[in-house]
Amino acid sequence: MDCEHAFLGFSYEVTGCQSLSQLNADFADMRKNFNARYVRLYGGCDQTGFYDNVIEAAWQNTLGVHALIWFGFTGGNEWQTRRDDLFNTLHNNTKAPFVTRGVQFGSEPLYDDVLSHQSLTEQVALAKILLSDVRIPVTVSELAYGYQERGALDVLGQLDFINAHMLPFFSTEATTGSAAWPLVQQDMDWFIQNGNGKKMYFDENGWPSSTSSSVQPNSPNAVASVSSEEGYFQMLDSQCETLKKGPCGGIGWFAHIYSDQEEVGYGIYNTQGQLKFPFQPRTSC
């Protein structure tokens, strides 16, 4: 973990409860065609045994997994059952500790005001205790603004590592993906200044090629297009040497998200399963 930087892999939505064969196919594609090292889960699947399938597919394709305790968008306490089920799998699947490189609370529980920052801090602390025997670190998948808005430095202080959301399309100063580095740098610097030297990843990290009912800009100059999405990832790749200077051997990043079939507009693949643009970012520099 300490020397990881540059492109790490994809954010991957599991709301569709993909079959083991589909997980295997997608994870093999990530590994073989993009040199991915990790997959960061997004969304939730409550199907019994699903995370066992994720573990098996990751094991077969030598990928690490950032697992997720999914809060969803509608409130409720389902996340508690998801937490307990995940922890049960992590303790009973013998491959789990080798494959699971971190557990995230998310996505954006602070920004979405799902839990108070005090309660979330307690949950992270408890998870660290419960997972100490399998040595799986714990984090929260969150925006800088979520911490800032809620005054949640207590949460940040409890994390084992930082999973930072980078979604600069929503900035009031957004223009194009290729010009987004100052916006990324602003949030990155905040995490560095407040993160006590912890390892950092950009996990929910991308730029949309199209808008939708849930993806609308806050800047009249923000451009959602395939070329703007491509430009965003080219920009990140060009900043590899800068990111390598980050805490604990550098900052790594995921591409959010693997396919438009999972979240329209953000995928590297379109809904027909075709690459939207050439994508071969560096995995080191």
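Residues numbered from 1 in each chain as written. Predicted model: local features only at pLDDT ≥ 70, side-chain atom pairs only at ≥ 80, totals over all residues. Heavy atoms only, no water.

A. Inspection of the pattern of salt bridges at higher detail. Applying the stated criterion across every chain yields a total of 11 salt bridges. Salt bridges sharing common partners tie together Arg40, Asp203 and Glu204. (Salt bridge = Lys/Arg side-chain N within 4 Å of Asp/Glu carboxyl O.)

B. Just unusual backbone geometry, in detail. For the bond running from Gly106 to Ser107, omega is 10 degrees, close enough to zero to count as cis. Along the polypeptide, Ser107 turns up in the loop between β4 (100-106) and α5 (117-130). Look at the link from His256 to Ile257: it is a cis peptide, with omega at 25 degrees. Mapped onto the fold, Ile257 is located in the segment after β8 (252-255). Its identity as a non-glycine residue notwithstanding, Thr62 has a phi of 50 degrees, on the positive side. (Helix = DSSP H or I, 4+ residues; strand = E, 2+ residues; numbered from the N terminus.)

C. Up close: helix α8 (residues 181-194). The end-to-end C-alpha distance of α8, which contains 14 residues, comes to 20 Å, matching closely the 20 Å that a straight helix rising 1.5 Å per residue would cover. Those residues of α8 not exposed but buried are Trp181, Leu183, Val184, Met188, Trp190 and Phe191. Directly beyond the C-terminal end of α8, a positive phi value near 55 degrees is found at Asn196. (Expected span 1.5 Å × (residues − 1). Buried < 20%, exposed > 50% of the residue type's maximum accessible area, 1.4 Å probe, protein only.)

D. Spotlight on the side chain of Thr139. Checked against the element boundaries, Thr139 lands in strand β5 (residues 138-143). A polar side-chain atom of Thr139 sits 2.5 Å from the main-chain carbonyl oxygen of Phe161. A polar atom in the side chain of Thr139 sits 3.4 Å from the backbone nitrogen of Asn163. Once you skip the residues sitting within four places of it in the chain, Thr139 turns out to touch Val103, Gln104, Phe105, Leu159, Phe161, Ile162 and Asn163. (Polar contact = N/O pair within 3.5 Å; in protein donor to acceptor, adjacent residues only side chain to side chain. Contact = heavy atoms within 4.5 Å.)

E. How the structure looks around helix α9 (residues 226-238). The end-to-end C-alpha distance of α9, which contains 13 residues, comes to 18 Å, matching closely the 18 Å that a straight helix rising 1.5 Å per residue would cover. By the burial criterion, the buried members of α9 are Ser228, Glu229, Gly231, Tyr232, Phe233, Met235, Leu236 and Asp237. Packed against the buried residues of α9 are β6 (162-166), α8, β7 (200-205), α10 (240-244) and β8.

F. Main features of the sheet that holds β7. The strand order around the closed barrel formed by 8 strands is β1-β2-β3-β4-β5-β6-β7-β8, and the pairing between neighbours is parallel. With direction set aside, neighbouring strand axes in the sheet form an average angle of 30 degrees. One ladder, built from 6 bridges, connects strand β3 (residues 64-70) with β4; its direction is parallel. Paired with Leu68 across the strands is Gln104, a residue of β4. (Pairing = 2+ DSSP bridges. Axes fitted to C-alpha atoms, helices over the stretch in contact; angles between N-to-C directions.)

G. The state of the cysteines, seen in detail. This structure, assessed with the given rule, holds 2 disulfides. One disulfide bridge connects Cys17 with Cys45, the sulfur atoms lying 2.1 Å from each other. Because the torsion about its S-S bond is 115 degrees, the bridge between Cys17 and Cys45 counts as right-handed. Here Cys17 is found in the loop between β1 (6-13) and α1 (20-34), whereas its partner Cys45 is found in the loop between β2 (38-42) and α2 (50-60), with 28 residues between them in sequence. (Disulfide = S-S within 2.5 Å.)

H. Representation of the packing of α2 against helix α3 (residues 78-92) in the model. In contact at an axis separation of 10 Å, α2 and α3 are set at 45 degrees when each is read in the N-to-C sense. One way to sum up the angle between α2 and α3 is to call them oblique. Considering the relative orientation of α2 and α3, their crossing is right-handed. Packed against α2, whose contacting residues are Tyr51, Asp52 and Ile55, the element α3 presents Leu86, Thr89 and Leu90 at the interface. Class assignment for the residues of the contact of α2 with α3 results in 4 nonpolar, 1 polar and 1 charged. (Parallel < 35°, antiparallel > 145°, perpendicular 65-115°, else oblique. Left-handed = near helix turned anticlockwise from the far one by under 90°. Nonpolar A, V, L, I, M, F, W, Y, C, P; charged D, E, K, R; others polar.)

I. Highlighting the nonpolar core. Ranked by size, the top nonpolar core spans 84 residues in total, and within it Phe27, Phe105, Tyr147, Phe202 and Phe279 carry the most contacts. With residues up to four places along the chain from it excluded, the contact list for Phe27 reads Tyr12, Val39, Val54, Ala57, Ala58, Asn61 and Leu63. Residues Leu8, Phe161, Tyr201 and Phe254 belong to the second largest nonpolar core, which totals 5 residues. (Core = buried A, V, L, I, M, F, W, Y, C linked by side-chain atoms within 4.5 Å.)

J. Main features of the environment of Gly206. Positionally, Gly206 belongs in the loop between β7 and α9. For Gly206, a relative accessible area of 0% gives the class buried. Separated by 32 residues in sequence, Gly206 and Ala174 have C-alpha atoms that sit 13 Å apart. In contact with Gly206, not counting residues within four places along its chain, are Met166, Leu167, Pro168, Tyr232, Phe233, His256 and Tyr266.

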